[in-house]
Amino acid sequence: MKKFTTILLFFCSAYGLAQDAQFSQYYAASLYLNPAFSGIYNDPSLHMNHKRQVQSVDVINELTQVSFIFPIKPQGKLEQSVAGAGIMAFNEKSGFQGIYDRNSVFLNYAQNLKFGLLSSYLISIGVQAGYEIRKLNFSKLTWGSQYNAFYGFDDSLPIPVTEFNEQQQNFVVNAGVMYYYNPERNYLLHNYSAFVGFSATNLNRPNTSFTIESENPEPMLWKYNGGIEFKFNKLYVTPSLLYLYIRQNQQFNAGLNLSYVPNAERYRAKGTQLLFGSWYRLRDSFIFMGGIKFSSLTVRVSYDMNSTLFVPEKGVDLAQNSMEISIQYSLSKNLDIRKISNPLF
């Protein structure tokens, strides 16, 4: 029975690999969402996200990303970037006692095209290339053959796994495109700002099989993100959505982001900003976010309250809540919200 349970947990964790992990504050992890985002920033900025389930259980789900975006500007131009470069490091731990571990490093480049009156329209095209190392740590599992009749489990006995590799490495290519209306957030000339993006992950279909001498090309993950921002006096309101598709599996996220700026002027936002947000991940969880932007630093904390409304009664509790913290630090000297930045963050 012990061996059967272990094998069951292994295959449960392996099944989870079919879905790339996602951050709840997806716009705070710009380069992980869409490589084209590095082309819309006008200021260097550092981004960090960490997400972890709050329950103390054997099955671990933990995500971390750190990225840096550096805009590229023509000589003599202080405001408008023409392109952007970036670097992102990502780590994921999941499965029984964190048996699955993925570490990635990506380089990012995006070129933007501006057109229309006062550059009211922007298109950014980005590409991302990196290296991933995936591990299955069998040493964290216990097997029936490692038990003896005298004192039980004996960790000196070898693990009876010969048909699997514990580590595999891949080169991965991703790409994306973003369209942005009113990227300067100029609400004197325009009534709103809008954005939409498409991206594709695993364009080169890397082999992710841990089984020796077998092929398992990673399916492409398609992402759509979009939203629109309105300004009402001192309040910025931004409904947004994220849609993912992979291997006939779909995920849909929709919600609302609010930014209250006490010192907001007609043309720009100045000073401290209070941040609030709420999203719903269809048939999965409700997400609540709060944060503050002060000077060049922005901090947000969100809580995933996983819904059991659509989960039938089972012997395993599938509703595991999680928390996520995101930190953004801008190297800009002019911190007005009107400058081109991530639409929500």
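Residues numbered from 1 in each chain as written. Predicted model: local features only at pLDDT ≥ 70, side-chain atom pairs only at ≥ 80, totals over all residues. Heavy atoms only, no water.

Before going further, it helps to examine the overall build of the chain. For the chain, the count of helices and strands is two helices and 16 strands. Of all intrachain contacts in the chain linking residues separated by at least 6 positions in sequence, the fraction that spans at least 24 positions is 59%. For the chain, the accessible area works out to roughly 17000 Å², and carbon and sulfur atoms hold 62% of it. (Helix = DSSP H or I, 4+ residues; strand = E, 2+ residues; numbered from the N terminus. Contact = heavy atoms within 4.5 Å. Areas by Shrake-Rupley, 256 points an atom, 1.4 Å probe, with all protein chains shown as cover.)

Moving on to the pattern of salt bridges. Counted by the stated rule, this structure contains 10 salt bridges. Of the charged contacts, one joins Arg 134 and Glu 132 as a salt bridge, the two residues approaching to 2.9 Å between their closest N and O atoms. Exposure remark for Arg 134: the relative accessible area of 4% places this residue in the buried category. Given a relative accessible area of 3%, Glu 132 falls into the buried group. Here the salt bridges share partners, and the residues they tie into one network are Glu 92, Arg 102, Glu 132, Arg 134 and Glu 218. (Salt bridge = Lys/Arg side-chain N within 4 Å of Asp/Glu carboxyl O. Buried < 20%, exposed > 50% of the residue type's maximum accessible area, 1.4 Å probe, protein only.)

Moving on, we come to the environment of Tyr 192. Relative to the elements of secondary structure, Tyr 192 occurs in strand β9 (residues 192–201). Each C-alpha atom, one on Tyr 192 and one on Asn 182, is 7.3 Å from the other, the two residues being 10 residues apart in sequence. Those residues in contact with Tyr 192, other than ones at most four positions away along the chain, are Tyr 181, Asn 182, Tyr 187, Ile 228, Glu 229 and Phe 230.

What follows is about the pairing of strand β12 (residues 249–260). With 12 bridges connecting them, strand β11 (residues 235–246) and β12 associate as antiparallel partners. Residue pairing in the sheet places Leu 235 in a bridge with Tyr 260 of β12. Two successive antiparallel strands, β11 and β12, enclose a turn made up of two residues, where Arg 247 displays a positive phi of approximately 50°. (Pairing = 2+ DSSP bridges.)

Turning to its location among the elements, Tyr 329 is positioned in strand β16 (residues 322–330). Take Tyr 329: its relative accessible area is 39%, and that puts it in the partly exposed class.

Taken as a whole and judged by the stated rule, the model has 16 aromatic pairs. Ring geometry for Tyr 32 against Phe 90: centres 4.7 Å apart, planes inclined by 15°, an arrangement best described as stacked. Taken together, the residues Tyr 32 in helix α2 (residues 30–33) and Phe 90 in strand β3 (residues 83–96) connect sequence positions 58 residues apart. By the burial criterion, Tyr 32 is buried, and Phe 90 matches it. An aromatic cluster of at least three residues, connected via ring pairs, comprises Tyr 26, Tyr 27, Phe 37, Tyr 180, Phe 195 and Trp 279. (Phe/Tyr/Trp six-rings, centres within 6.5 Å; stacked < 30°, edge-to-face > 60°.)

All right, on to the pairing of strand β8 (residues 167–181) then. Each regular strand carries side chains that alternate between the two faces of the sheet. When strand β5 (residues 121–136) meets β8, the two strands line up antiparallel, connected through 15 bridges. When the bridges of β8 are listed, Ala 129 appears paired with Val 173. Pairing analysis gives seven bridges linking β8 to β9, with the strands arranged antiparallel. The partner of Ala 175 across the bridge, within β9, is Ala 200.

A separate point is the side chain of Ser 302. Examined against the element boundaries, Ser 302 turns out to sit in strand β15 (residues 297–306). A distance of 3.0 Å separates polar atoms of two side chains, one belonging to Ser 302 and the other to Gln 25. If near-sequence neighbours (up to four positions away) are discounted, Ser 302 is found in contact with Ser 24, Gln 25, Ile 287, Phe 288, Met 289, Ser 322, Met 323 and Glu 324. (Polar contact = N/O pair within 3.5 Å; in protein donor to acceptor, adjacent residues only side chain to side chain.)

Moving on, we get to the nonpolar core. Core analysis: the largest hydrophobic core is formed by 29 residues, its most contacted members being Phe 23, Tyr 26, Tyr 27, Tyr 32, Leu 33, Phe 37 and Ile 40. If you list the elements that add at least two residues to this core, you get α2, β2 (59–72), β3, β8, β11 and β14 (285–294). Core analysis: the next-biggest nonpolar cluster, separate from the first, contains five residues, Tyr 187, Tyr 236, Val 261 and Ala 269 among them. (Core = buried A, V, L, I, M, F, W, Y, C linked by side-chain atoms within 4.5 Å.)

This part covers a nonpolar patch on the surface. Taken together, the side chains of Phe 70, Ile 72, Val 82, Tyr 109 and Val 127 define a hydrophobic patch exposed on the protein surface, amounting to about 400 Å² of accessible area. Looking at where Phe 70 falls in the secondary structure, it is placed in strand β2. Judged by its relative accessible area of 47%, Phe 70 is partly exposed. (Patch = residues over 30% accessible without salt bridge, like charges linked within 9 Å, V, L, I, M, F, W, Y side chains within 5 Å.)

Right, let's get into unusual backbone geometry. The phi angle at Arg 205 is positive, at roughly 50°, despite the residue not being glycine. With respect to the helices, strands and loops of the structure, Arg 205 is situated in the loop between β9 and β10 (221–232). With a phi angle near 55°, Arg 283 is a residue other than glycine that sits in the positive phi range. Looking at the secondary structure, you find Arg 283 in the loop between β13 (273–281) and β14.

Before going further, it helps to examine the confidence of the model for the chain. With 77% of its residues at a pLDDT of at least 70, the chain reaches an overall mean of 82. Taken together, the stretch residues 1–19 has pLDDT below 50 and engages in 21 contacts with residues farther than four places along the chain or on a different chain. (pLDDT = per-residue confidence, 0-100.)

The subject of this paragraph is the environment of Leu 242. Relative to the elements of secondary structure, Leu 242 occurs in strand β11. Residue Leu 242 is classed as buried on the basis of its relative accessible area of 1%. Measuring from C-alpha to C-alpha, the distance between Leu 242 and Asn 225 comes to 4.5 Å, with 17 residues separating the pair along the chain. Leu 242 has contacts with Tyr 26, Leu 33, Tyr 224, Asn 225, Gln 251, Phe 252 and Asn 253, leaving out every residue within four places of it along the chain.

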